[in-house]
Each structure stands twice: as C-alpha cells, then as structure tokens.
Amino acid sequence: MSILESETQPLTSSSTNDQTAIAELRAAFAAQRAAFHTDRYPSVAERKARVGKLIEMLLSHREPISTALSADFGSHPVPASDLIEVLGPVGRAKYVLENLEDWMRPSAREIDPAMMGTAQAYIHSQPKGLIGNIVPWNFPFDLSVGPMIEMLAAGNRVIVKPSEYTPASAELLQEMVEATFDPTLVYVAVGGLDLARAIADLPWDHLLYTGSPNVGRQIMQAAARNLTPVTLELGGKCPAVLTPGSVNATNVQSIIGTKTVKNGQMCISVDYCLVPRAEVDTFVKLSLDFMRAAAANYSQSPDCTGIISLRHLDRLADMLQEARDRKSLVVELEANGRTDRATRRMPISLVIDPAPDLRIMQEEIFGPILPVVPYDDVDDAVAMINAGERPLGLYVFGDAPASTDQILSQIVSGGAAVNTCAIQGALPSLAFGGVGMSGIGRHHGIEGFREFSNNRGVVVRGAGDHFDAFFAPYAKAAAIVKSVLG
Ligand code: NAD
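Right, let's walk through the structure included here. (Residues numbered from 1 in each chain as written. Predicted model: local features only at pLDDT ≥ 70, side-chain atom pairs only at ≥ 80, totals over all residues. Heavy atoms only, no water.)

**Concerning the overall build of the protein chain**
Helix and strand counts for the protein chain stand at 18 helices and 16 strands. In terms of overall size, the protein chain behaves like a compact globule, its C-alpha atoms giving a radius of gyration of 25 Å where 486 residues would be expected to give roughly 23 Å. The dimensions of the protein chain, computed from C-alpha atoms along their principal axes, are 85 × 60 × 35 Å. Every one of the 486 residues in the protein chain was classed for burial, and the buried ones make up 55%. Carbon and sulfur atoms form 55% of the exposed surface of the protein chain, whose accessible area is close to 20400 Å². Counting 41 positive and 54 negative side-chain charges, the protein chain places the centres of these two groups 5 Å from one another. (Helix = DSSP H or I, 4+ residues; strand = E, 2+ residues; numbered from the N terminus. Rg over C-alpha atoms; globule rule 2.2 N^0.38 Å. Buried < 20%, exposed > 50% of the residue type's maximum accessible area, 1.4 Å probe, protein only. Areas by Shrake-Rupley, 256 points an atom, 1.4 Å probe, with all protein chains shown as cover. Lys, Arg positive; Asp, Glu negative; His and termini not counted. Charge placed at Lys NZ, Arg CZ, Asp CG, Glu CD.)

Okay, structure coming up:
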C-alpha cells in the first residue's frame with residue numbers, strides 16, 4: 001500500500017461546516033433528482049449549450065484559476081495553469097461539441113433476417129441521471145470540469161466534490177459554477193472527509209472517483225450498497241522502459257521533463273525508469289545536461305510547482321533520506337537545488353539502482369524523485385513490471401517497433417506511450433483510465449460519453465419474423481431447432 005494510500009486522512013475532517021455542507025448536498029441531490037425527472041432526455045442543442053458554457057466559464061476565469069492554483073500549491077507556473085487546467089478542458093469540450101451529434105445517434109446493429117425479418121436493432125445512449133465526481137488535489141480544475149464535459153454531453157446532472165487540500169480552487173470552482181449553472185444541473189459541494197463520505201453514500205446513477213487506490217476501495221464499497229456503477233481513476237507506479245540504445249538526449253528530456261509537470265504530482269508521471277545497465281551513466285549525464293540547459297534554477301523558479309502540503313513535502317524528503325541512509329546513490333539534478341518550505345518547491349533527484357524494499361520502490365512517489373533501475377535483459381524489465389500492480393501509464397522508448405510493440409504487448413496497463421510520456425492523458429479523443437489497481441472504466445472522448453450514458457439495446461419489430469417461436473407451445477421452436485441442427 002502506498003503512503004498516498006495510507007495518508008488519505010484529509011486536513012479537515014468532521015466539522016460543523018461539513019454537517020451544513022452535507023445537509024446542502026442532500027438537498028441539492030434531491031433537487032437534481034426532481035429536475036432530472038422533468039427533463040430526462042435533453043436535446044443535442046441543450047447539451048451543446050451546457051458544454052459551451054463550460055468553455056466560457058473556464059476562459060473567463062483564467063487569472064483567478066491561476067491565482068487559486070498558486071495559493072493551493074504554494075507555487076504554480078502560470079503558463080502551466082493556462083495550458084493544462086484551462087486549455088486542456090477547453091480542448092476537450094470543443095472536441096465533444098464537434099462529435100456529440102454523431103455520438104447521440106443510435107448505432108445500428110446487425111440482425112438475422114431469417115429469424116427477425118425486417119426488424120431493426122440499435123444501441124441508444126440515454127442519460128444515466130445523476131453523476132457524482134469526487135476530485136483529488138493535483139488537477140483541481142482539469143479533473144472536475146474535464147469529466148463534467150462528457151457527463152453533461154451525455155445529458156446528466158452533476159455534483160462535484162473538490163479536494164480539501166485545494167481550498168482556494170474549490171471555492172473558486174464553486175463560485176464559477178454557481179454563476180454559470182442552475183444548481184439542479186451542476187452543483188459543487190465543498191467540505192472535508194465527512195462530506196466526501198456522504199457523497200459516496202448517495203444513490204447515484206454513476207459515481208466517478210479520482211484518487212488513491214485505498215480510498216477507491218472504500219468508494220466502491222459504499223457504491224456497492226446502492227449498486228451504483230463506478231469509474232475509478234486511481235494511481236500507482238508508472239514505469240518507463242528504455243530499450244537498449246534508446247538512452248539519448250530527446251528521450252531523457254521526455255522523462256525528466258515529464259517530472260517537471262506539477263513537479264511529479266501527476267498520476268501518469270514517470271514513477272521509475274528501467275535503463276540498460278551499460279547506459280545508466282549516460283542516462284545520468286543526459287539528465288544533468290537537460291536540467292543545466294533547460295532549467296538550471298528550477299527549484300527556485302516559478303516554473304516549479306510546490307508540493308501540495310508540508311506533510312506531503314516531508315513524506316518525499318523522508319523517502320529520499322531513506323534512500324541516502326541505505327547508501328543508494330542520490331543524484332541531485334540541480335547544482336544549487338534546494339527545498340523551500342514557504343513555497344514547498346522541491347528539486348528533482350535521481351536515485352540510482354535503489355534496493356527494491358525502499359519506499360520509493362514500494363509506493364507511488366508522486367513527486368520529484370526518479371528511481372533509475374538498471375536491467376540486463378529486456379525480459380527482466382518486463383518481468384519486474386509485471387511483478388507489480390498493473391500501471392496506469394506505461395512508457396516504452398526505442399526505435400525498433402518490433403521491440404517496443406513486444407513490450408507493450410507483454411504488459412497490461414491503463415494507457416501507454418511510445419517515445420514520450422503522459423501525452424496519452426492529454427488527448428480529448430483518447431480513452432483514459434486504469435486497469436486493475438490503477439482503476440476501472442474510461443473517460444475522455446466517445447468512451448467517456450458512453451461511460452456516462454446508459455447504452456441501451458433496442459429492437460423495433462418489423463415484418464416476417466419468427467418471434468413467436470420463443471412462446472409456448474414449442475412446435476415452431478422445435479421445427480426451427482431441427483432446421484438448424486438437423
Ligand atoms: P485526495 O486526498 O485529494 O483525495 C481525493 C478525493 O477523495 C478528495 O476529494 C477527498 O475528499 C476524497 N476522499 C478521501 N477519503 C474519502 C473517503 N473515505 N470517502 C470518500 N471520499 C474520500 O487525493 P489523493 O488520493 O491523495 O490523490 C492522489 C492519488 O490520485 C494518486 O494515487 C494519483 O495517482 C491518483 N490520481 C489518479 C488520476 C487518474 O486519472 N487516474 C488523476 C489524478 C490523481
């Protein structure tokens with residue numbers, strides 16, 4: 001179990017505020033339920049208007065979003081706020097607007113004319129109803145508004161619960177949504193652990209949870225009481241495998257550069273990388289070269305995202321200290337890098353050839369530490385990954401498709417990328433999600449639309465069928481069976 005999993009105790013737990021928020025949540029839930037029953041199948045135009053409002057909401061709040069992220073993280077690069085937390089969901093919404101009409105159209109399925117005559121069969125996606133979305137702290141806007149796009153496009157009503165670790169972002173999201181939507185359509189519930197638990201207990205038509213696997217288990221247990229279907233977007237250790245000959249400046253830039261996104265606090269960041277033993281020194285040199293050239297003062301610059309809380313910062317520092325105490329080689333990638341407790345900025349370090357029982361090899365790191373694990377044979381690297389939980393993201397580097405394809409085919413993962421990292425999570429058209437301990441279900445694109453829809457199979461009777469063969473008495477059935485089986 002990861003420390004992220006064991007450290008799910010939030011900053012605030014039971015409070016009078018939560019009791020008020022829970023009462024308001026239940027009222028909002030009841031109001032949304034009633035509203036759904038008056039509008040069970042919004043038209044494509046209505047859905048598009050709702051998604052369009054999300055675009056306007058985000059674009060008109062660029063600056064407050066950036067300010068809120070800086071307040072919550074201690075330090076958060078403005079261009080990254082714009083690119084990831086504003087333009088990310090905006091691009092996703094535009095993609096949905098372009099495709100929604102097609103997705104809503106019934107999808108025809110084959111029938112057997114000998115049995116079914118001129119009947120028609122199709123899959124029709126209808127709104128599920130009320131969908132809850134419990135959001136983690138690392139992408140407070142992208143992970144709340146992003147899935148909301150497909151939830152609204154599918155004709156649902158939505159209640160979002162932001163993380164208690166991002167109070168400024170939660171408050172802003174609540175304000176933005178209140179100014180944009182009627183609460184019977186979209187509602188933001190702000191509070192602590194008691195509120196989070198109250199959300200999981202409600203009889204949703206679907207519940208999305210993004211966060212650690214341990215809490216994911218609790219969510220699924222709570223949802224099971226109502227047989228609520230869940231999408232669980234969880235975490236874990238995402239590996240990068242560099243095949244022999246692939247340790248070059250471009251690939252090392254991809255890996256270390258990915259660590260600079262939210263300073264490693266990203267579910268699809270590279271958690272550790274597997275490097276051919278003979279190329280480990282080159283990997284370290286190229287990593288140092290990259291930081292020197294691209295981000296010499298990274299940890300003292302506004303390009304470095306702060307670690308979300310001092311507790312999370314101390315956890316990362318402890319993990320690194322354990323590696324040092326156990327005599328692992330720790331390579332600091334900045335000559336003058338230092339951790340600043342005021343902004344919670346932390347420099348990036350490599351840990352070379354760490355012992356397998358170190359915490360950095362046992363837990364999801366979720367920060368600026370990168371274990372570099374030497375391997376002798378690609379099969380050993382694959383076996384090592386397969387000995388752990390199924391990853392959310394798998395990254396394979398190499399020029400020979402036969403070799404990269406072979407690795408991709410041998411490891412079950414939620415998503416994957418070749419010769420790059422994490423970009424699979426940035427495409428509006430590409431299904432995103434985990435497998436096994438890294439999650440259940442998919443969002444983004446048509447798979448997201450379908451995940452949040454009830455995909456109903458429909459048959460429309462025509463002429464010339466033999467449906468009566470299913471009814472007693474079974475003389476007709478017997479004749480049909482005889483004609484088929486002899
Ligand atoms: P967190 O502590 O902010 O928790 C996430 C949400 O769960 C919060 O809103 C919190 O209030 C709620 N919560 C906590 N305990 C709960 C309970 N018992 N019942 C109901 N709700 C509860 O975030 P975190 O868990 O530290 O997030 C980090 C994890 O999330 C990492 O493992 C990361 O990999 C994963 N993650 C996954 C994705 C993905 O898309 N797969 C994206 C981002 C983060």
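**Observations concerning the nonpolar core**
Counting residues in each nonpolar core, the largest one holds 81 residues, and the members touching the most others are Ile255, Ile256, Cys273, Phe283, Leu350 and Tyr395. Among the domains, domain 1 (16-234 + 437-456) and domain 2 (239-432) are the pair contributing at least three residues each to this core. With residues near it in sequence (within four places) discarded, leucine 350 still touches Ile256, Phe283, Val284, Ser287, Leu329, Val330, Val331, Leu333, Leu370 and Val372. (Core = buried A, V, L, I, M, F, W, Y, C linked by side-chain atoms within 4.5 Å. Domains from an automatic or database assignment. Contact = heavy atoms within 4.5 Å.)

**A look at the packing of aromatic side chains**
Within the structure shown, the criterion is met by five aromatic pairs. Taken together, a centroid distance of 5.0 Å and an interplanar angle of 85° make the contact between phenylalanine 29 and tryptophan 204 edge-to-face. Taken as a pair, phenylalanine 29 in helix α2 (residues 16-38) and tryptophan 204 in the loop between α9 (193-201) and β6 (206-210) lie far apart in primary sequence, 175 residues in all. Accessibility assignment for this pair places phenylalanine 29 and tryptophan 204 in one class, buried. (Phe/Tyr/Trp six-rings, centres within 6.5 Å; stacked < 30°, edge-to-face > 60°.)

**Focus: the side chain of arginine 344**
Within the secondary structure layout, arginine 344 lies in the loop between β10 (329-332) and β11 (349-352). Of the polar contacts made by the side chain of arginine 344, one reaches the backbone oxygen of aspartate 72; its length is 2.8 Å. With near-sequence residues (within four places) excluded, arginine 344 lies in contact with Asp72, Phe73, Gly74, Gly306, Ile307, Ile308, Ser309, Leu310 and Leu313. (Polar contact = N/O pair within 3.5 Å; in protein donor to acceptor, adjacent residues only side chain to side chain.)

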